Amino acid sequence: MKMVFMGTPEFAVPVLKALAAAGHEIGYVVTQPDRARNRNQVTFSAVKEAALELGIEVLQPEKLKDSAETREKLAAYGPDVIVVVAYGQILKSDVLEMPKYGCFNVHGSLLPRFRGASPMQHAILEGDEKTGVTIMKMAEGMDSGDMVASSETSVDHKNFEEIHDELAAMGAALIVETLPLIEAGRASFVPQDESLVTLAPIINKKDGRVDFSKKPEEIERQIRAFDPWPGAFCDLEGRQMKLWKAECPDQECGLAPGTVAAASDKGIDVACGGRILRVTELQIPGKKRVSAGDFLRGHKVETGTVLL
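Report follows, based on the coordinates. All values derive from a computational prediction rather than experimental measurement.

## So, the overall build of the protein chain
No. 1: If you tally the helices and strands in the protein chain, you get eight helices and 17 strands.
No. 2: Dimensions along the principal axes, computed over C-alpha positions, put the protein chain at roughly 70 × 45 × 30 Å.
No. 3: In the protein chain, which comprises 308 residues, the proportion classed as buried is 50%.
No. 4: In the protein chain, the share of contacts with a sequence separation of at least 24, taken over all contacts with a separation of at least 6, comes to 65%.
No. 5: As displayed, the protein chain offers around 14900 Å² of accessible surface, 48% of which is attributable to carbon and sulfur atoms.
No. 6: Computed over 36 positive and 45 negative side-chain charges, the separation of the two mean positions in the protein chain equals 4 Å.

## With respect to the pattern of salt bridges
No. 1: All chains considered together, the criterion is met by 20 salt bridges.
No. 2: The residue Arg 113 makes a salt bridge to Asp 128 at a minimum N-O spacing of 2.7 Å. Here Arg 113 is found in the loop between β7 (103–107) and β8 (115–116), whereas its partner Asp 128 is found in the loop between α5 (119–125) and β9 (130–137), with 15 residues between them in sequence.
No. 3: For Arg 278, the salt bridge is made with Asp 269, and the minimal N-O distance between the two is 2.7 Å.
No. 4: One continuous salt-bridge network, built from bridges that share partners, spans Asp 227, Lys 245, Glu 281 and Arg 289.

## What to know about the nonpolar core
No. 1: Core analysis: the biggest nonpolar cluster contains 43 residues, and Phe 5, Val 15, Leu 16, Leu 19 and Val 83 have the highest contact counts within it.
No. 2: Per-element accounting of this core gives the leading share, 10 residues, to helix α6 (residues 160–183).
No. 3: In contact with Leu 16, other than residues within four places in its own chain, are Phe 5, Ile 26, Val 29, Val 47, Ala 50, Ala 51, Leu 54 and Ile 56.
No. 4: In this structure, Ala 232, Ala 246, Val 270 and Leu 282 belong to the second largest nonpolar core, which totals 23 residues.

## Focus on the environment of Lys 158
No. 1: Along the chain, the position of Lys 158 falls in the loop between β10 (147–154) and α6.
No. 2: Taking relative accessible area as the criterion, Lys 158 reaches 16% and is therefore assigned buried.
No. 3: A sequence separation of 97 residues divides Lys 158 from Leu 255, and the C-alpha atoms of the two residues are 30 Å apart.
No. 4: If sequence neighbours within four positions are ignored, Lys 158 has contacts with Ile 124, Thr 153, Ile 163, Glu 166 and Arg 224.
No. 5: At 3.4 Å, the side chain of Lys 158 and the side chain of Thr 153 are in polar contact.

## Things to note about the packing of helix α1 (residues 13–21) against helix α2 (residues 46–54)
No. 1: The geometry of α1 relative to α2 is characterised by a closest axis approach of 9 Å and an angle of 20 degrees between their N-to-C directions. In terms of orientation, α1 and α2 fall into the roughly parallel class. For α1 against α2, the interelement crossing comes out right-handed. Note on element contacts: α2 touches α1 through Ala 46, Val 47, Ala 50, Ala 51, Glu 53 and Leu 54, opposite Val 13, Leu 16, Lys 17 and Ala 20.

## Focus on the side chain of Arg 115
No. 1: Looking at the element boundaries, Arg 115 is found in strand β8.
No. 2: By relative accessible area, Arg 115 is classed as buried at 7%.
No. 3: Of note is the side chain of Arg 115, whose polar atom sits 3.2 Å from the backbone oxygen of Asp 143.
No. 4: When sequence neighbours within four positions are dropped, the list of residues in contact with Arg 115 reads His 107, Met 142, Asp 143, Ser 144, Gln 192, Glu 194, Val 197, Thr 198, Leu 199 and Ala 200.

## Comments concerning the packing of aromatic side chains
No. 1: Taken as a whole and assessed by the stated rule, the structure comprises two aromatic pairs.
No. 2: Between Tyr 28 and Tyr 77 the ring centres are 5.8 Å apart and the planes differ by 80 degrees, which places this aromatic pair in the edge-to-face class. Residue Tyr 28 is found in strand β2 (residues 25–30), and its partner Tyr 77 is found in helix α3 (residues 68–77); the two are separated by 49 residues along the sequence.
No. 3: When its relative accessible area of 14% is taken as the criterion, Tyr 28 is described as buried.

## Overview of the pairing of strand β12 (residues 232–236)
No. 1: Extensive coverage of β12 is indicated by the burial of four of its five residues.
No. 2: Summarising the sheet, β12 and strand β13 (residues 239–247) pair through five bridges and their orientation is antiparallel. Within β13, the position partnered with Ala 232 by the bridge is Leu 243.
No. 3: As consecutive antiparallel partners, β12 and β13 are separated by two residues, and within that stretch Glu 237 has a phi angle of approximately 50 degrees, a positive value.

## Some words on α2
No. 1: Every buried residue of α2 is listed here: Ala 46, Val 47, Lys 48, Ala 50 and Ala 51.
No. 2: Elements that come into contact with the buried residues of α2 comprise β1 (2–7), α1, β2 and β5 (58–59).
No. 3: Where α2 ends, the next residue or the one after it, Gly 55, has phi of about 75 degrees, a positive value.

## Regarding the sheet that holds β9
No. 1: A sheet is described by the order of its strands in space; here seven strands give the open sequence β5-β2-β1-β6-β7-β9-β10, paired in mixed fashion. Two strands bound the open sheet, and with one partner strand each, they are β5 and β10.
No. 2: Where strand β6 (residues 81–85) and β7 come together, three bridges link them in parallel fashion. Bridge pairing links Val 84 to Asn 105 in β7.
No. 3: Taken strand by strand, α3 contacts β1, β2 and β5, and its axis lies near 170 degrees from that of β2.

Conventions and cut-offs
Residues numbered from 1 in each chain as written. Predicted model: local features only at pLDDT ≥ 70, side-chain atom pairs only at ≥ 80, totals over all residues. Heavy atoms only, no water. Helix = DSSP H or I, 4+ residues; strand = E, 2+ residues; numbered from the N terminus. Buried < 20%, exposed > 50% of the residue type's maximum accessible area, 1.4 Å probe, protein only. Contact = heavy atoms within 4.5 Å. Areas by Shrake-Rupley, 256 points an atom, 1.4 Å probe, with all protein chains shown as cover. Lys, Arg positive; Asp, Glu negative; His and termini not counted. Charge placed at Lys NZ, Arg CZ, Asp CG, Glu CD. Salt bridge = Lys/Arg side-chain N within 4 Å of Asp/Glu carboxyl O. Core = buried A, V, L, I, M, F, W, Y, C linked by side-chain atoms within 4.5 Å. Polar contact = N/O pair within 3.5 Å; in protein donor to acceptor, adjacent residues only side chain to side chain. Axes fitted to C-alpha atoms, helices over the stretch in contact; angles between N-to-C directions. Parallel < 35°, antiparallel > 145°, perpendicular 65-115°, else oblique. Left-handed = near helix turned anticlockwise from the far one by under 90°. Phe/Tyr/Trp six-rings, centres within 6.5 Å; stacked < 30°, edge-to-face > 60°. Pairing = 2+ DSSP bridges.

This is the structure we're talking about:
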């Protein structure tokens, strides 16, 4: 099929590579503009880097809706389909209606659950037993189009990075399987049940701060959902400390939330929600992630210390 690919982050790269490997003609890749980041060094999006390796022309409008030149190029190319994966911009009706078969999005959740910018993190945060990817024919509403295909996996105790990589691979395989059905007119288009819609708003850095009044299981999920970014964090004696791994032993604790109940090679036991959260891996500024046992060999944490 003749196609245009739109995407920006690492999550989209396996899909782009799979489509190219499957022999589809990808006329253009559309991605976000280059950005100046650390020390004003300009960085490309992960998708741009992959597109350049594949020898595909890249278009980077600041805002696609305002770039008549970009839209004219896409229209002149005449794509059969546009595949979108975490592009980061809203597509207007003129683009949605441009391809012969439509625009299709690879979304990292089992729609209609978790529409929005951070579905994978929210699947972990909410304690869902399963998550997955959905191929959706795009409409003007946010992630509101008809579903064409989906594939699911268990969440278990995976962190965000693990879920991210698994769903990226699943999405790549699923879109390659689904496009021939769309082209042959054998795909099913299933409307989403609006009564089941939940939202997954964008994650901010401040969302990483831990509230020790919550249940241990909630904090443990927060730690996994925000690994590697923004990281779940608290303050230890005036220094920010990131929490990377934790356990929830079945142990009651009457101490005030955030109070250290014990500290040993097993971990740092912190009172929260009337029970214990055992922190087993952590990091302080300027240092690497370490086990709690290794941290305690160089930093004394007294029982009764309060994490804020």
